[in-house]
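Each chain, written out:
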Amino acid sequence: MKRNALLGAVVLLAVTSASEAAADGGPGPLGVTAVAAATAQSERVGALFAAADADAGRRVGEHFCTASVVHSAHRDLIVTAAHCLGGAGELAFAPGYRNGRAPYGIWRVERVFLPDGWAQGQDEDSDVAFAVLHERGGEDVEDVVGGNRFATRTTTGATAVTVTGYPDSLEVPVRCTNRPTAHNSTQQRIDCPDLTGGTSGSPWVNGDGEVVGVLGGHEQGGATADISYSVVLGPEAAELYRDAASDP
C-alpha cells in the first residue's frame, strides 16, 4: 500500500507550472511529479469512492484509489488495481475529479472483474482489475471522456510513460513521466516522487495513448512514495480484459 506523505504533497503543489507543462506533454523533464493540467488525457483518469460518499449530483466525498477509462466495444469500462476493487460495498467513479467536484458526472460500478490469481490468493502478479460502469442519461462513460487502448505484451521501458493519479491527501490529480524498468519478469517499476496513498490504480500511458501498466502489484504499488510498481501486463491481463470488454 502506498504511504501518505503530506509534506511531499505540500511541496508538490509548489512545483512550477512550466515543469507541469513539460511533464504533461510527455517528453519534458523525467521523474518530475506535479499537479496534472486538465487535458483530454487526464480527464479519462478519475478517483474511486464508496458509492455512499457519492451523491446524485456532482459533489463527492473521500476518494481512496484511482482508475481510468479504457476503450471497449460497450464503452463502459475502467481499469484499476485489483486491491482497489477486492473489498465489499458499492463503488463509484468520478472521471476528471477536482476539488470535490465531478465535472463529468459520477458513475456507479455495476460489475467487477478480478483475475483468478488475485481472487484466489491475492497474488501481487495479478494486481489489475476492470469494472463495468452503469450508463448515465443514455450515455456510457467513454462517450463522455473517451478511453485509452489497453495494451498487453508490450516491452517494459520501450518508451516513457505518464502516470496520472489521485493522492489521498490532495483533491486534484498529479502526474509524472518517466521510463519504466524491469523489477523482475512479472513486475515493472517507475521512479516518480510523491505518488502517495490513493494513486493505486493509476494508468501508465505511453506516447501512443495506450495503458501499458497500472499502479499496483509489488507491495500493492510500492512501500515508498518515490518508487511505484505495476504488473507486467501479459496473458492473464489480456484474458481478463477480453472477459470484461465482452460483458453485455
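Residues numbered from 1 in each chain as written. Predicted model: local features only at pLDDT ≥ 70, side-chain atom pairs only at ≥ 80, totals over all residues. Heavy atoms only, no water.

Draft legend 1. How the structure looks around the sheet that holds strand β9 (residues 161-165). With mixed pairing, the six strands of this open sheet are ordered in space as β1-β10-β9-β13-β14-β8. Across the chains shown, the open sheet's two edge strands, defined by having one partner strand only, are β1 (33-35) and β8 (149-150). The pairing of β1 with strand β10 (residues 174-178) spans three bridges and is antiparallel. The partner of V35 across the bridge, within β10, is V174. (Pairing = 2+ DSSP bridges. Helix = DSSP H or I, 4+ residues; strand = E, 2+ residues; numbered from the N terminus.)

Draft legend 2. Representation of the state of the cysteines in the model. Inspection of the entire model under this criterion finds two disulfides. Across the disulfide from C176 sits C192; the S-S distance is 2.1 Å. Of note, the bridge from C176 to C192 carries an S-S torsion of about -80 degrees and is left-handed in sense. Within this pair, whereas C176 is found in strand β10, its partner C192 is found in the loop between β12 (187-191) and β13 (203-206), the two being separated by 16 residues in sequence. As far as the burial class goes, C176 and C192 line up, both buried. Numbered by position along the chain, the disulfide-linked cysteines of the protein connect as 1-2, 3-4. (Disulfide = S-S within 2.5 Å. Buried < 20%, exposed > 50% of the residue type's maximum accessible area, 1.4 Å probe, protein only.)

Draft legend 3. Up close: the nonpolar core. Ranked by size, the top nonpolar core spans 19 residues in total, and within it L48, V69, I78, L85, F93, L133 and V141 carry the most contacts. Those residues in contact with L48 that lie beyond four places of it in its chain are H63, F64, C65, T66, A67, I78, T80, C84, L85, A92 and F93. Residues L77, V214, A244 and A245 belong to the second largest nonpolar core, which totals 17 residues. (Core = buried A, V, L, I, M, F, W, Y, C linked by side-chain atoms within 4.5 Å. Contact = heavy atoms within 4.5 Å.)

Draft legend 4. Seen up close, helix α6 (residues 235-245). Buried within α6 are the following residues: A237, A238, L240, Y241, A244 and A245. For α6, the angular spread of buried residues about the axis comes to 165 degrees, placing them on one side. Taken together, the buried residues of α6 touch β3 (63-70), β4 (77-80), β6 (107-113), β7 (129-133) and β8. (Arc of directions from axis to C-beta.)

Draft legend 5. Representation of the sheet that holds strand β11 (residues 181-182) within the structure. Read from one edge of the open sheet, three strands run β11-β12-β15, paired in antiparallel fashion. Only two strands of the sheet have a single partner each, and these edge strands are β11 and β15 (227-231). As defined by bridge partners, β12 adjoins β15 across five bridges and the pair is classed as antiparallel. The partner of D191 across the bridge, within β15, is I227.

Draft legend 6. Representation of the packing of aromatic side chains in the model. Counting across every chain of the model gives five aromatic pairs. With centroids separated by 5.2 Å and ring planes inclined at 70 degrees, the aromatic side chains of F49 and Y97 adopt a geometry described as edge-to-face. With F49 in strand β2 (residues 45-50) and Y97 in the loop between β5 (91-95) and β6, this residue pair connects regions lying 48 residues apart in the sequence. The pair formed by F49 and Y97 is uniform in burial state, with each residue classed as buried. Aromatic pair F150 and Y241: ring centres 5.5 Å apart, planes at 25 degrees, arrangement stacked. With F150 in strand β8 and Y241 in helix α6, the pair connects residues that are 91 residues apart, well separated along the chain. (Phe/Tyr/Trp six-rings, centres within 6.5 Å; stacked < 30°, edge-to-face > 60°.)

Draft legend 7. Main features of the confidence of the model for the protein. With 85% of its residues at a pLDDT of 70 or more, the protein shows a mean pLDDT of 88. Scored below 50 in pLDDT, residues 3-27 shows 42 contacts in the model against residues more than four places distant or in partner chains. (pLDDT = per-residue confidence, 0-100.)

Draft legend 8. Spatial organisation of the pattern of salt bridges. Inspection of the entire model under this criterion finds seven salt bridges. Of the charged contacts, one joins R111 and E110 as a salt bridge, the two residues approaching to 2.9 Å between their closest N and O atoms. Judged by relative accessible area, R111 falls into the partly exposed class, the value being 28%. Taken together, the shared-partner salt bridges connect R75, E142 and D143 into one network. (Salt bridge = Lys/Arg side-chain N within 4 Å of Asp/Glu carboxyl O.)

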